[in-house]
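# Structural overview for review
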Amino acid sequence: MQLIMANTDSKDQWQLRRRNPTKGKKGERMTQVRVLAGTRKGAFVLASDEKREKWSVTGPHFGGWEIYHLKGSPADPNRIYASQNTGWFGQLIQRSDDGGLTWEPVGNDFTYAGGDPGTHLWYDGTPRPWEFKRIWHLEPSKTDPDTVYAGAEDAALFKTADGGASWTELTGLRKHPTGPSWQPGAGGLCPHTIILQEPRIYVAISAAGTLRSDDGGETWRVINRGLLSDGIPDPDAEAGHCVHHVEAHPARPDTLFMQKHWDVMRSDDAGENWYEISGNLPTDFGFPIGVHPHEAETLYVVPITSDSLHYPPDGALQVWRSRAGGNEWEPLTKGLPQRDCYVNVYRDAMSIDTLDEAGIYFGTTGGQVYCSADSGDSWAPIVRDLPAVLSVEVQVLP
Amino acid sequence: MLPAHLRNLAKTGREVVVSVPEADITQRRVLDALEAAFPVLGGTIRDRQTGKRRAFVRFYACEQDLSNESPDAPLPPVVAAALASGAEPFLVVGAMAGG
């Protein structure tokens, strides 16, 4: 497989494209697309060829368990890690070395380092000791299949360098000076976004905000300047913002796009300063945000009515796309239900493939996983009746 | 005796046999022996950090709820004898809590 990255025109449209292998004739190798869906009651693997029209569905893997996130290693796509949890039996991490056909549990000891973990703020404003609850997000290294970062509730970052057998906390995040003031969002004090640009790492936490490390996770700085949150006593506080998701385009590592509790935001200086790009969105509340793999100024969000009404406005499920890096948005509705639809789309439940005609995927709390094989112009469900979808990740396989 | 999720995880049957000297049977020793035999169960029955029973796990034997007894208290002699002889199982149960 060859990857091509080039700045192709004056509109600053970057291209990171796979050169497709020979296709179409019987017996020749076909590119495969694999979608990893984590749900409230297990994991599912959805597979298709590059046309993305006909899909196979396998699962549930780990039936009955909440699968907050699955993600494959960019360095070895058949190496997949899964976060498996229930309120009854706690946290497990599963690993597959064959693309999700078989799985083995690996290490699940996420002990906070350094003895007394200290406190953060609880919902009622009282100090509460940090306590491990679950892994929200797994981010495999781009270069080493055995190295993975894990975002843990209560907010902490763990790392494995042995394929998940053992996990070590990178304590600089939890012990940031603002840590004692962090307060959980409705879902918990969760680090849900991990962007690796090693040695730079970005992490976003509900409800602390966004932090950046320039030394591989040893030390961190809060990067929330420009965020305004009416739900906290000081709307432009250094920390305490309920960031829902952050994405970056690989060709523009200093440009970040954020879906905050309210507001869609952008930074062009590695998070030092943020400004709003909500523009003409019908509502700027939502959870996921995505960036087109070949067009660094093309973004996707799913507007949700409000923080108390977690479903699309008017019961019409719409993805909104901006081809201008924000502010100017267009609704994408073809193939999506435009009436009587009251699902939500969670923060890790959108993913975008890297085929020439990029595929956009998202999963809903109603159990649908939708695919657009034409950069969002039209949509079709891959599956309709899974358990509530918590996360969606897509892989393109040679 | 294990609940379904833990049986699947341990890749074992409903009932597993562990060895603990009858004179020293405590819940902690039973669970330590279970986790030694099936390391994958570590952290699933008792919290890794605190060592305490997870909130939605219960321990029953001889129709008695032992969940809130001290993990280091010797089991009642009649229970210990029943477990040691194999007449009764020590049940690890997922609490009825919806889901």
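The structure presented is a predicted model; accordingly, all values stated were derived computationally and were not measured.

### Comments concerning the overall build of chain B
Of regular secondary structure, chain B possesses three helices and three strands. In sequence order, the secondary structure elements of chain B are arranged as α-α-β-β-α-β. A compact globule built from 99 residues should have a C-alpha radius of gyration of about 13 Å, and chain B, at 13 Å, falls within 12% of that. Overall size of chain B, expressed as C-alpha extent along the three principal axes, is 35 × 25 × 25 Å. The 99 residues of chain B split such that 23% are buried. If you take every contact in chain B between residues at least 6 apart in sequence, the share linking residues at least 24 apart comes to 58%.

### Considerations on the environment of Ser83 of chain A
Residues and elements named next belong to chain A. Inspection of the secondary structure puts Ser83 in strand 7 (residues 80–86). A sequence separation of 39 residues divides Ser83 from Phe44, and the C-alpha atoms of the two residues are 13 Å apart. Leaving out residues up to four positions away in the same chain, Ser83 has contacts with Ile67, Tyr68, His69, Ile93, Ile135 and Leu138.

### Here's the deal with the environment of Asp97 of chain A
All names here are of chain A. Along the polypeptide, Asp97 turns up in the loop between strand 8 (90–96) and strand 9 (104–105). Looking at Asp97, the number of C-beta atoms within 10 Å reads 16, which means it is partly exposed. Sequence spacing of Asp97 and His261 is 164 residues, and the spatial spacing of their C-alpha atoms is 36 Å. Excluding its chain neighbours within four sequence positions, the residues that come into contact with Asp97 are Asn78 and Arg79.

### Structural notes on the environment of Ala73 of chain B
Within the secondary structure, Ala73 of chain B sits in the loop between strand 2 (64–65) and helix 3 (77–85). Between the C-alpha atoms of Ala73 of chain B and Asp24 of chain B, which are 49 residues apart in sequence, the distance is 9.5 Å.

### Things to note about the interface of chain B and chain A
Chain B puts twelve residues into the contact, and the matching count from chain A is eleven residues. Here the element with the most residues in the side of chain B that touches chain A is helix 1 (residues 4–10) of chain B; it accounts for three residues. Grouping the amino acids of the side of chain B that touches chain A by side-chain chemistry returns five nonpolar, five polar and two charged.

### Things to note about the confidence of the model for chain A
Looking at chain A as a whole, its pLDDT mean stands at 93, while 93% of the residues score no less than 70. Every residue in residues 1–23 of chain A scores below 50 in pLDDT, and together they form 45 contacts with partners more than four places removed in sequence or on other chains.

### Structural notes on the nonpolar core
If you look at the biggest cluster of nonpolar residues, it comprises 103 residues, and the most contacted ones within it are Val35, Ala37, Val203, Met258, Tyr361, Val369 and Val392 of chain A. With five residues, the top contributor of residues to this core is strand 17 (residues 200–206) of chain A. Every residue in contact with Val392 of chain A, bar those within four places of it in the chain, is listed here: Val35, Ala37, Ala349, Met350, Ser351, Tyr361, Phe362, Gly363 and Val369 of chain A. Grouped together as the second largest cluster of nonpolar side chains are 19 residues, Trp88 and Phe89 of chain A together with Leu9 and Val57 of chain B included.

### Quick look at the sheet that holds strand 27 (residues 330–332) of chain A
All names here are of chain A. If you trace the four strands from one edge of the open sheet to the other, you get 24-25-26-27, paired in antiparallel fashion. Of all the strands in the sheet, the pair left with one neighbour each is strand 24 (289–291) and strand 27. The average undirected angle you get between the axes of adjacent strands in this sheet is 30°. Sheet topology places strand 25 (residues 299–301) next to strand 26 (residues 319–322); three bridges connect them, and they run antiparallel. Bridge pairing in strand 26 places Leu299 opposite Ser322.

### A look at the sheet that holds strand 31 (residues 380–383) of chain A
Residue and element names in this part refer to chain A. Read across the open sheet, the four strands follow the order 28-29-30-31; overall the sheet is antiparallel. Looking at strand neighbours, the two that pair on one side only are strand 28 (350–352) and strand 31, the edges of this open sheet. Neighbouring strand axes in the sheet, compared pairwise and without regard to direction, differ in orientation by 25° on average. Taken together, the three bridges between strand 30 (residues 369–372) and strand 31 define a ladder with antiparallel strand orientation. By the bridge assignment for strand 31, Tyr370 is matched with Pro381.

### Let's talk about helix 2 (residues 27–37) of chain B
Residues and elements named next belong to chain B. Along helix 2, the positions that sit buried rather than exposed are Gln27, Val30, Leu31 and Leu34. Looking down the long axis of helix 2, one finds its buried residues gathered within 90° of arc, a one-sided arrangement. Contacts made by the buried residues of helix 2 are with strand 1 (57–61).

### A look at unusual backbone geometry
All names here are of chain A. Note the cis peptide between Gly59 and Pro60, where omega equals 0°. Along the chain, the position of Pro60 falls in strand 5 (residues 56–61). Cis rather than trans, the peptide bond between Glu153 and Asp154 has omega equal to -5°. Relative to the elements of secondary structure, Asp154 occurs in the loop between strand 13 (148–153) and strand 14 (156–160). The phi torsion at Asp263 lies on the positive side, around 90°, for a residue other than glycine.

About the criteria used
- Residues numbered from 1 in each chain as written.
- Chains lettered and ligands numbered in written order.
- Predicted model: local features only at pLDDT ≥ 70, side-chain atom pairs only at ≥ 80, totals over all residues.
- Helix = DSSP H or I, 4+ residues; strand = E, 2+ residues; numbered from the N terminus.
- Rg over C-alpha atoms; globule rule 2.2 N^0.38 Å.
- Buried ≥ 20, exposed ≤ 12 C-beta atoms within 10 Å, placed from the backbone.
- Contact = placed C-beta atoms within 7 Å.
- Nonpolar A, V, L, I, M, F, W, Y, C, P; charged D, E, K, R; others polar.
- pLDDT = per-residue confidence, 0-100.
- Core = buried A, V, L, I, M, F, W, Y, C linked by C-beta atoms within 7 Å.
- Pairing = 2+ DSSP bridges.
- Axes fitted to C-alpha atoms, helices over the stretch in contact; angles between N-to-C directions.
- Arc of directions from axis to C-beta.

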